[in-house]
Amino acid sequence: MQRWKIGRVTITKITELETPGPGTFVIPQATPEALLAAPAWLRPHFVNEAGEAIMSIHSFVVESEGARILVDTCVGNDKPRPIPEWDRRSGPFLDDLRRAGFPPESIDRVLCTHLHVDHVGWNTRLEGGRFVPTFGNARYLIGRTEWEFWSKAPEDAFGPVLEDSVRPVFDAGLVDLVEGDEALTGEVELLPTPGHTPGHVSVRIRSEGAEAVITGDLMHHPVQCAHPEWGSHFDTDPQQALATRRAFLERFGDRPALVLGTHFAGPTAGHLRRDGEAWRFEPA
Ligand SMILES: [Zn+2]
């Protein structure tokens, strides 16, 4: 289990899945040839010898001022999904969360950086044939802009994501719609980083002079530090996503801020260092 201290804040990573696969699933330019031609610092943690992208789906538990905030909730179990590894899973995520010291009933807040399939899954779990909130004592924080967009969008390509993983927490009265720059505690605040989705947010942590930031999906893979111009198939606004990614690299690059990648495999956390025209991700 990986855990980081940022001043008085503790961040714990709970992994649901970490696998190598075709980089082009998310990033069209990330062919095996292109990944093998990318800077050598990407290997072995993020690119393997076959030129596959190693990616992770995980949650972070952020503990601040007595609150336990779960950031992103992965794919979840028992959900019908068109990807074999995601379809009707029966993974040990909740046991792993418990083992890390966080039984579901102890989570105070759930924050989805955005409402994509791999960020909302454990919002709910199957019980008596229905999907019910997993974290019954939590407030679920959902971006107002994000909700306005997805609640009017046509059916998700990944299945009934809103119906099985988002609407049940609304129906249970557990949702607080939040602004993109909402402060969650005196140490943790949201940072609007739109483009991947309209209401996408990152999470900034500052405590006792230390700083960290959870990316969300403004980047999916560290290769995008070397190639910020490489976007994702799933960006709703590719131009805005690119501008957000560049601004993020400029803002947090060559700074003490610890960057925690929402889909970064292995070490997951590190620092952004200037590398010629672009950037390098240096695991902490
Ligand atoms: Zn994602």
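Cut-offs applied
- Residues numbered from 1 in each chain as written.
- Predicted model: local features only at pLDDT ≥ 70, side-chain atom pairs only at ≥ 80, totals over all residues.
- Helix = DSSP H or I, 4+ residues; strand = E, 2+ residues; numbered from the N terminus.
- Buried ≥ 20, exposed ≤ 12 C-beta atoms within 10 Å, placed from the backbone.
- Contact = placed C-beta atoms within 7 Å.
- Pairing = 2+ DSSP bridges.
- Axes fitted to C-alpha atoms, helices over the stretch in contact; angles between N-to-C directions.
- Expected span 1.5 Å × (residues − 1).
- Arc of directions from axis to C-beta.
- Core = buried A, V, L, I, M, F, W, Y, C linked by C-beta atoms within 7 Å.

Undergrad: Got a minute to help me understand the overall build of the protein in this structure?
TA: What the protein contains, in helices and strands, is eight helices and 15 strands. Each of the three principal axes of the protein carries a C-alpha extent, and together these read 55 × 45 × 35 Å. Taking all 284 residues of the protein together, 47% fall into the buried category. Restricting the contact set of the protein to residue pairs at least 6 apart, pairs at least 24 apart contribute 67%.

Undergrad: Please clarify how the sheet that holds strand β9 (residues 175–178) should be interpreted in this entry.
TA: Sheets are built from strands paired through backbone hydrogen bonds, the pairs being either parallel or antiparallel. As summarised here, the arrangement of the seven strands in space is β1-β2-β3-β4-β5-β8-β9, forming an open sheet in which the pairing is mixed. One side of each edge strand has no neighbouring strand; the edge strands of this open sheet are β1 (2–6) and β9. Between one strand and the next, the sheet's axes are offset by a mean angle of 25°, whatever the strand orientation.

Undergrad: Help me understand helix α8 (residues 238–252), please; the structure alone is not making it clear to me.
TA: Along an α-helix, residues three or four positions apart point the same way, because every turn accommodates 3.6 residues. The terminal C-alpha atoms of α8, which comprises 15 residues, lie 21 Å apart, in line with the 21 Å expected from a rise of 1.5 Å per residue. Buried within α8 are the following residues: Ala241, Thr244, Arg245, Phe248, Leu249 and Phe252. One side of α8 holds all its buried residues, which, seen down the axis, span an arc of 130°. With respect to the buried face of α8, the exposed residues turned more than 90 degrees away are Gln239 and Arg251. Contacts from the buried residues of α8 go to β12 (210–214), α7 (223–226), β13 (258–260), β14 (269–275) and β15 (278–283).

Undergrad: So what exactly am I meant to see when it comes to the sheet that holds β15 here?
TA: The sheet built from six strands is open, its strands ordered β10-β11-β12-β13-β14-β15 with mixed pairing. The sheet terminates laterally at β10 (188–192) and β15, the two strands that pair on one side only. Taken pair by pair, the neighbouring strands of this sheet meet at an average axis angle of 35°, ignoring direction.

Undergrad: Can you help me understand the pairing of strand β7 (residues 130–133) in this one?
TA: Regular strands have side chains that alternate between both faces of the sheet. With four bridges joining them, strand β6 (residues 124–127) and β7 adopt antiparallel strand pairing. Within the sheet, the bridge partner assigned to Glu127 lies in β7 and is Arg130.

Undergrad: How should I be thinking about the environment of His200 in this particular structure?
TA: Turning to its location among the elements, His200 is positioned in the loop between β10 and β11 (201–207). Taking the C-alpha atoms as reference, His200 lies 6.8 Å from Glu146; in sequence the two are 54 residues apart. If we skip the residues at most four places from it in the chain, His200 touches Thr113, His114, Thr193, Pro194, Gly195, Gly216, Asp217 and Leu218.

Undergrad: What is the right way to read unusual backbone geometry from this model?
TA: What you tend to see is this: most non-glycine residues have negative phi, and most peptide bonds are trans. Across the junction of Arg43 and Pro44, the peptide omega takes the value 5°, indicating a cis bond. Note on placement: Pro44 falls in the loop between α1 (32–37) and β3 (53–64). Notably, Asp78 is not glycine yet its phi reads approximately 70°, a positive angle. Assignment of secondary structure puts Asp78 in the loop between β4 (67–71) and α2 (93–99). With 15 C-beta atoms counted inside 10 Å, the residue Asp78 sits in the partly exposed group.

Undergrad: Would you mind showing me how to read the environment of Arg280 here?
TA: In this fold, Arg280 is placed in strand β15. According to the C-beta neighbour criterion, Arg280 is partly exposed, with 18 such atoms within 10 Å. Residues in contact with Arg280, not counting those within four places in the same chain, are Pro39, Trp41, Cys225, Ala226, Arg273 and Asp275.

Undergrad: Just to check I follow, could you spell out the nonpolar core for this structure?
TA: If you look at the biggest cluster of nonpolar residues, it comprises 59 residues, and the most contacted ones within it are Val62, Val71, Val110, Val203 and Leu260. One finds Val47, Ala53, Val223 and Ala265 within the second-largest nonpolar core, a separate group that totals 16 residues.

Undergrad: Can you help me understand the pairing of β14 in this one?
TA: Across two bridges, the pairing between β13 and β14 is antiparallel. Across the sheet, the residue bridging to Val259 is Gly270, located in β14. Inspection of the sheet shows β14 paired to β15 by six bridges, in the antiparallel sense. Bridge pairing links Leu272 to Phe281 in β15.

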